[in-house]
Amino acid sequence: MRTTASFIRLTVALALLCGATSAMKTLGQTAESKEARNERMRWWREARFGMFVHWGLYSGLAGTWNDKPVGTKGGMEWIQFYVKADTDTYAQKAVPLFKPAPGFAKEWAKLAKMAGCKYIVLTSKHHDGFALHNSTVSEFDAGSVLGRDLLKEFTDAARAEGLRIGFYHSVIDWHHDQYEYALSKQLCHPLQGKPYPNGKRDHADYLKFLHAQADELVSNYGPIDILWWDYSSQDFEGDAAWRAFDLMAAVRAKQPGIIMNNRLFRNEAAGWKSMGTDGFALSIDNKYGDFITPEQHIPATGMPGLDFEVCMTLNTTWGYSAHDHAWKSDETLIRNLVDIASKGGNYLLNIGPKADGSVTPETVNAFRAIGEWMKVNGESIYETTASPFPYLAWGRSTMRKGEQGITLYLQVFDWPADGILKVPMQAEIAAARLLAAPDANVTFETASAHTVLRLPSTAPDKIATVVRLDLKSAPEVDMSVKPPAAK
Ligand code: GLC
């Protein structure tokens, strides 16, 4: 009897389980619950700051072709396209120049750590098609050319500094002989407009290669936290271009916790409005990816409730160029970080190392300056949420809701000459202090609709001084204080 009863229980349980499994299958990408997604995204949302690394064959060319600068502005990781070189000509020139020093990634990881980055995303393959790992499905890779697995060296170095790890992987490929570049008018290719050099191509073959190489990335390097796909066009995207949903599902099957961006697609539901680098939309259906990727632009009004990451360069190129000297100031870099955090997003700040892996003094100085600021003021960035204010004339704000109550951070860019800072809110303040000068006297009073803070007459930090306010209850923000209308 006992056997029969447990047999029936088992059969019923199995039937229920099968039902559940097929329901999950039908739901496909959307099967993840909101809670599970929040849990998966948690570290990324708390991190707020990561380092991007563009490094590959182009780094050795350094923006120079046939002894001439290709330009002083713009992404020199695109040099093959700019000079319209076929892959053999490009490789002939670039491969001998690409000489990664032993331990090349240790400096990046240390720099990232020093600056307060929580994660680091490296180009495993850029558009030129050269893979930095030891790939069994390619001969255009570091394994074949240098006898090294540069991704292994990179992941070891990043983990040693406690950083989360991401791979940027280009789905565009200017090397592969089956990549059918004629299928898209919008995606650039050095041979665009020219016939395929060796007759017919079969894009399906390229896709087999792309999927196999992506599988190597998520199989051979331990836990990978981010896959940063790049990129698609309105006329070539998603399933038709990359078998995107299969690709994402296969990656997720190997790395259930991984976070992926939205660049396998280029449609409005996926968070894209147009082809411009500022062409992001203000919403995303997460079946297309976990986060929106504004490039070189900070969304003016933020993206309430959305996961987004603004990627930006230190000068104007992603890959190293010896000719680009348009370095952003420390003030711009730090205020960008603050601005993005105040809008609820992440900042992915790029370095373009040279062919040996070393970085320019400007790069070191910039990351050092951010690190110094973060050491004092990092608590106003990490684990915070977006500003509750529609607009603050003198700076930005972030907020943290903890068990002890609400903490409001005010990052003051323009220090008031009379030391009087007007905050458009009413709030019960328990304590107020400056992170950069904890002993400085800060007093507060609620005057009519607004709170008034009396600060020291000079700013302890000229770039952004942070006022920390511990509140007894949620602030009542004056929502009528809006940004001035754009001219
Ligand atoms: C673009 C560029 C590329 C760069 C990337 C970073 O897609 O093609 O060179 O890697 O943006 O966001």
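In case you missed it, the structure is sitting above this.
The structure reproduced in this document is the subject of the present report.

Conventions and cut-offs
Residues numbered from 1 in each chain as written. Predicted model: local features only at pLDDT ≥ 70, side-chain atom pairs only at ≥ 80, totals over all residues. Heavy atoms only, no water. Helix = DSSP H or I, 4+ residues; strand = E, 2+ residues; numbered from the N terminus. Rg over C-alpha atoms; globule rule 2.2 N^0.38 Å. Buried < 20%, exposed > 50% of the residue type's maximum accessible area, 1.4 Å probe, protein only. Near = heavy atom within 4 Å. Polar contact = N/O pair within 3.5 Å; in protein donor to acceptor, adjacent residues only side chain to side chain. Areas by Shrake-Rupley, 256 points an atom, 1.4 Å probe, with all protein chains shown as cover. Expected span 1.5 Å × (residues − 1). 1 Å grid on protein atoms, 1.4 Å probe; cavity = no way out; pocket = protein on both sides within 12 Å on 5 of 7 lines; lining within 4 Å. Points joined across faces, edges and corners; volume = space filled by probe spheres on them. Domains from an automatic or database assignment. Axes fitted to C-alpha atoms, helices over the stretch in contact; angles between N-to-C directions. Left-handed = near helix turned anticlockwise from the far one by under 90°. Contact = heavy atoms within 4.5 Å. Nonpolar A, V, L, I, M, F, W, Y, C, P; charged D, E, K, R; others polar.

### Regarding the overall build of the protein
So, step 1. Check the secondary structure of the protein and you find 13 helices and 18 strands.
So, step 2. Whereas a compact globule of 487 residues would reach a radius of gyration of roughly 23 Å, the protein reaches 25 Å, a difference of no more than 12%.
So, step 3. Its C-alpha atoms give the protein principal-axis dimensions of roughly 85 × 75 × 45 Å.
So, step 4. Put simply, the protein has 487 residues, and 53% of those count as buried.

### Things to note about the site of the ligand
So, step 1. Close to the ligand lie 14 residues, the nearest being H54, E77, H126, D230 and E295.
So, step 2. Take H54: an N or O atom from its side chain is 2.5 Å from an oxygen atom of the ligand.
So, step 3. Residue R263 places a side-chain N or O atom 3.2 Å away from an oxygen atom belonging to the ligand.
So, step 4. Relative to its unbound accessible surface of 310 Å², the ligand loses 95% to contact with the protein.

### A look at helix α13 (residues 361-377)
So, step 1. In this model α13 runs 24 Å from its N-terminal to its C-terminal C-alpha over 17 residues, within 8% of the 24 Å that 1.5 Å per residue would give.
So, step 2. Of all the positions in α13, only T363, V364, A366, F367, A369, I370, G371, W373, M374 and N377 are classed as buried.

### Examining the layout of surface pockets
So, step 1. The volume enclosed by the largest pocket comes to roughly 660 Å³.
So, step 2. Residue lining of the largest pocket: 26 residues in total, with R45, E46, R48, T384 and T385 positioned closest to the centre.
So, step 3. Elements with a minimum of two residues in the lining of the largest pocket: α2 (34-47) and β10 (395-402).
So, step 4. It is α2 that provides the largest number of residues to the lining of the largest pocket, a total of seven residues.
So, step 5. If you count residues domain by domain, the lining of the largest pocket takes at least three from each of domain 1 (34-380) and domain 2 (395-477).
So, step 6. Taken together, 25 residues form the lining of the second largest pocket, with A300, K343, F389, P390 and Y391 sitting closest to its centre.
So, step 7. Split by domain, the lining of the second largest pocket shows at least three residues from each of two domains, domain 1 (34-380) and domain 2 (395-477).

### A few points about the packing of helix α6 (residues 104-115) against helix α8 (residues 150-160)
So, step 1. Across the interface, α6 lies against α8 with an axial gap of 8 Å and an inter-helix angle of 35 degrees. Of the two elements, α6 crosses α8, and the hand of that crossing is right-handed. Residue-level contacts link F104, A105, K106, W108 and A109 of α6 to L150, E153, F154, A157 and A158 of α8.
So, step 2. The class makeup of the residues in the contact of α6 with α8 is eight nonpolar, no polar and two charged.

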